[in-house]
Amino acid sequence: MKYIKLYIIIAVFYGLSNAAIGSEDHSDTGTVGRDILIQKAQQYDIDAICSLGLSGDKVVIPALSKMLEEARRSDVGYRYIDSIRIALARLGDAQVRKEIINDFDSAGHMRQRAFKIASEIKGNDMIIAIAGKLDDPRPGERDLDVGYAAPRHLAVIALSQSITDPSAPKIDLGRITSDEENVQRWKIWWANNKERYMVHQ
């Protein structure tokens, strides 16, 4: 029963709506449009933050960085904070991207969030870091009645979402299981294909 609960928690976590990804047109709307988005973002509008992150406009990085700093001093909740981190990472903020990778070594909910974020923002640096956790021997954890998957199992899920190569192993994200067979399949594939990602990092 505890494993079923763990799988459900993982499935729900990875099945959350991609509010931080968005589906609308995020093309550059000029200075006026950019300023409007920043104002909305400062009012906790996650869609506006998403649009800034997908705009490719690095001019907004200082504004987003300031929002992140202020958010961490308040009690706005992790979804707002993570949306800013995702936006900054997509805009190429090296410090935030490194921070997300470092969070792979954190515990429980924070670690699970880090893998989820990494699978959304993608990039070879993220893929390489995720794949590195396929060899992480640490077990899953429990916090009261909530179970969190082991790093290597989170890596399997994140790689399945990040890598589009048809030769890569795939798992049914609608029926997530934390088994070692999937870990081994991904280890083998990564050993044979990792050079492509390292060369273009």
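Residues numbered from 1 in each chain as written. Predicted model: local features only at pLDDT ≥ 70, side-chain atom pairs only at ≥ 80, totals over all residues. Heavy atoms only, no water.

Draft legend 1. Expanded view of the packing of aromatic side chains. Within this structure, the stated rule accounts for five aromatic pairs. Ring centres of Phe104 and Phe115 lie 4.3 Å apart, and the angle between their planes is 15°; on these two criteria the pair is classed as stacked. Placement of Phe104 in the loop between helix H6 (94–102) and helix H7 (108–121) and of Phe115 in helix H7 is noted, with a sequence separation of 11 residues between them. One exposure class covers both Phe104 and Phe115, and it is buried. Aromatic pair Trp190 and Tyr197: ring centres 5.6 Å apart, planes at 35°, arrangement tilted. Following the ring pairs from residue to residue traces out a cluster consisting of Trp186, Trp189, Trp190 and Tyr197. (Phe/Tyr/Trp six-rings, centres within 6.5 Å; stacked < 30°, edge-to-face > 60°. Helix = DSSP H or I, 4+ residues; strand = E, 2+ residues; numbered from the N terminus. Buried < 20%, exposed > 50% of the residue type's maximum accessible area, 1.4 Å probe, protein only.)

Draft legend 2. Quick peek at the pattern of salt bridges. The tally for this structure, following the rule as stated, stands at 17 salt bridges. The partner of Arg72 in a salt bridge is Glu99, and the shortest N-O contact between them spans 2.4 Å. Of this pair, Arg72 sits in helix H4 (residues 61–72) while Glu99 is found in helix H6, placing the two residues 27 residues apart along the sequence. A relative accessible area of 41% places Arg72 in the partly exposed class. A salt bridge links Arg97 to Asp125; the nearest nitrogen and oxygen atoms lie 2.7 Å apart. Taken together, the residues span a long stretch of sequence, with Arg97 in helix H6 and Asp125 in helix H8 (residues 124–132) at a distance of 28 residues. Note on Arg97: relative accessible area 12%, which makes it buried. (Salt bridge = Lys/Arg side-chain N within 4 Å of Asp/Glu carboxyl O.)

In short, geometric facts, not functional conclusions.
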